[in-house]
Amino acid sequence: MTSTTGWDDVQVGDSVQLSRNGRIEYTGQVDDRTADGDVVWIKTSLGRRRLFHAGDGYQLAGSNS
């Protein structure tokens, strides 16, 4: 589940990982997202929440963890 224009294929509750330059930088669960998928909020297992924008250069993919 990756997208170059937006992350409209992920839903709240999905486990995901964000990578950049071939390195996984953040993993967690989609806590919220905008309707167009351009912005997602990811929550870690420790409860930390972070906003990511599709234009920031991250690849968003489903996580098997």
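Calculation rules
One numbering rule holds for all chains: residues counted from 1, following each sequence as written. Local features in this predicted model are restricted to residues whose pLDDT is 70 or higher, and side-chain atom pairs enter the listing and the counts only when it is 80 or higher, whereas totals over whole chains, interfaces and linings include all residues. Side-chain measures were taken over the full set of non-hydrogen atoms in the model, leaving aside hydrogen atoms and water. Each helix is a run of DSSP H or I of at least 4 residues and each strand a run of E of at least 2, with the numbering of both proceeding from the N terminus. The pLDDT score gives, residue by residue, the confidence of the prediction method on a 0 to 100 scale. One requirement defines pairing of two strands: DSSP has to find at least two bridges between them. Lines fitted to C-alpha atoms define the axes here, with helix axes fitted over just the stretch in contact, and angles between the N-to-C directions of these axes take values from 0 to 180 degrees. What counts as a salt bridge is simple: a side-chain nitrogen of Lys or Arg found within 4 Å of a carboxyl oxygen of Asp or Glu. With a 1.4 Å probe rolled over the protein chains alone, any residue whose accessible area is under 20% of its type maximum counts as buried; one over 50% counts as exposed, and the rest are partly exposed.

### Some thoughts on unusual backbone geometry
Then comes step 1: One non-glycine residue, N21, lies in positive phi territory at about 55°.
Then comes step 2: Mapped onto the elements of the fold, N21 is located in the loop between β1 (15-20) and β2 (23-33).

### Focus: the confidence of the model for the protein chain
Then comes step 1: Model confidence for the protein chain is summarised by a mean pLDDT of 88, while 89% of its residues fall at 70 or above.
Then comes step 2: At the level of individual helices and strands, the protein chain shows its lowest average pLDDT in strand β5 (residues 59-62), which scores 91, and its highest in strand β3 (residues 39-43), which scores 96.

### Description of the sheet that holds β1
Then comes step 1: If you trace the five strands from one edge of the open sheet to the other, you get β4-β3-β2-β1-β5, paired in antiparallel fashion. For this open sheet the edge positions go to β4 (49-53) and β5, each flanked by a neighbour on one side alone. Put simply, the sheet's adjacent strands are angled 45° from each other on average, direction ignored.
Then comes step 2: Relative to β2, β1 runs antiparallel, the two sharing six bridges. Across the sheet, L18 pairs through a bridge with Y26, a residue of β2.

### Looking at the pattern of salt bridges
Then comes step 1: One pass over the full model with this rule turns up two salt bridges.
Then comes step 2: Where D31 meets R49, a salt bridge forms, and the shortest distance between an N and an O atom there is 2.5 Å. Here D31, found in strand β2, pairs with R49, found in strand β4; they are 18 residues apart in sequence, far enough to count as distant.
Then comes step 3: With relative accessibility at 30%, the residue D31 sits in the partly exposed group.

### Overview of the environment of L46
Then comes step 1: Its place among the elements puts L46 in the loop between β3 and β4.
Then comes step 2: By relative accessible area, L46 is classed as exposed at 74%.
Then comes step 3: C-alpha separation for the pair L46 and G28, spaced 18 residues apart in sequence, amounts to 9.2 Å.

### As for the pairing of β2
Then comes step 1: Between β1 and β2, which pair antiparallel one after the other, the connecting turn spans two residues, and N21 there sits at a positive phi close to 55°.
Then comes step 2: Relative to β3, β2 is paired through four bridges, and the arrangement is antiparallel. If you follow V30 over to β3, its bridge partner there is I42.
Then comes step 3: In this structure, the hairpin formed by β2 and β3 is closed by a connection of five residues, where G37 is found at a positive phi of approximately 80°.

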